[in-house]
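Architecture and fold: a report
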Amino acid sequence: MTQLPTWAWVAAVVAGALGALLRTFLVRSLARHVFPLGVLVANTLASAIGGGVVGLRPVIGPGWAFVLIGGLCGGLSTLSTLAVDTVELRLEGRWRVAVRNVVVTVVLGVAAAWGVHALVS
């Protein structure tokens, strides 16, 4: 693993906080009615950004890749919220929506990462 400079660690902390704030904004703006749309958007957006960063890593370098993937995308995306929303849907007796939540989030996330990577590579 490449030794990262101190600035990258500090910037990753700031980017992580910004990502978490953006996720909170998305979750609250797209409040769950039938489907936890805010978490889906946050996770898909983080996946798209991550895929783009992987494609641009040779240009931007490992420090910025760490800041954007480890910091911004790490704060923006959330497996725990996906898991809790899925459990709550199941507890409400909405098991089909719970399964759809997991499948759609994973499929869109991988598609977004792959698609943006292909665009920038």
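Further up the page is the structure itself.
Residues numbered from 1 in each chain as written. Predicted model: local features only at pLDDT ≥ 70, side-chain atom pairs only at ≥ 80, totals over all residues. Heavy atoms only, no water.

1. Remarks on the overall build of the protein
In terms of regular secondary structure, the protein is built from four helices and zero strands. Seen through its principal axes, the protein has C-alpha atoms that stretch 50 × 30 × 25 Å. Across the 121 residues that make up the protein, the buried fraction comes to 34%. When contacts within the protein are restricted to residue pairs at least 6 apart in sequence, those whose partners lie at least 24 apart make up 74%. Put simply, the protein shows about 7200 Å² of open surface, and 74% of that area lies on carbon and sulfur atoms. (Helix = DSSP H or I, 4+ residues; strand = E, 2+ residues; numbered from the N terminus. Buried < 20%, exposed > 50% of the residue type's maximum accessible area, 1.4 Å probe, protein only. Contact = heavy atoms within 4.5 Å. Areas by Shrake-Rupley, 256 points an atom, 1.4 Å probe, with all protein chains shown as cover.)

2. Here's the deal with helix H1 (residues 6-29)
With 24 residues, H1 ought to run about 34 Å at 1.5 Å a step, and its terminal C-alpha atoms sit 35 Å apart, in line with that. Taken together, the buried positions of H1 are occupied by Ala 8, Ala 12, Ala 15, Gly 16, Gly 19 and Leu 26. Buried positions along H1 lie against helix H2 (37-76). (Expected span 1.5 Å × (residues − 1).)

3. Some points on a nonpolar patch on the surface
Together, Val 10, Val 14, Leu 18 and Leu 21 make up an exposed nonpolar region whose accessible area comes to about 390 Å². Of note, Leu 18 is situated in helix H1. Relative accessible area serves as the criterion here: at 52%, Leu 18 is assigned to the exposed category. (Patch = residues over 30% accessible without salt bridge, like charges linked within 9 Å, V, L, I, M, F, W, Y side chains within 5 Å. Salt bridge = Lys/Arg side-chain N within 4 Å of Asp/Glu carboxyl O.)

4. So, helix H4 (residues 95-120)
In a regular helix each residue adds 1.5 Å, so 26 residues correspond to 38 Å; H4 covers 38 Å between its end C-alpha atoms and thus fits that length. Those residues of H4 that are buried are in contact with H2 and helix H3 (79-91).

5. What about the side chain of Thr 78?
Following the sequence through the fold, Thr 78 ends up in the loop between H2 and H3. The contact partners of Thr 78, leaving out residues within four places of it in the chain, are Arg 23, Val 39 and Asn 43.

6. Here we look at the environment of Leu 37
Considering the arrangement of structural elements, one finds Leu 37 in helix H2. Of the residues examined, Leu 37 reaches a relative accessible area of 38% and is grouped as partly exposed. Residues Leu 37 and Ile 60 lie 23 residues apart in sequence; the distance between their C-alpha atoms is 31 Å.

7. Section: the packing of H2 against H4
Taken N-terminus to C-terminus, the directions of H2 and H4 make an angle of 30 degrees; their axes are 7 Å apart at the nearest point. In terms of axis orientation, H2 runs roughly parallel to H4. When the axes of H2 and H4 are compared, the crossing they make is right-handed. Of H4, the residues touching H2 (which contributes Leu 40, Asn 43, Thr 44, Ser 47, Ala 48, Gly 51, Gly 52, Val 54, Gly 55 and Leu 56) are Val 104, Thr 105, Leu 108, Gly 109, Ala 112, Ala 113, Val 116, His 117 and Val 120. Its residues assigned to classes, the contact of H2 with H4 comprises 10 nonpolar, nine polar and no charged. (Axes fitted to C-alpha atoms, helices over the stretch in contact; angles between N-to-C directions. Parallel < 35°, antiparallel > 145°, perpendicular 65-115°, else oblique. Left-handed = near helix turned anticlockwise from the far one by under 90°. Nonpolar A, V, L, I, M, F, W, Y, C, P; charged D, E, K, R; others polar.)

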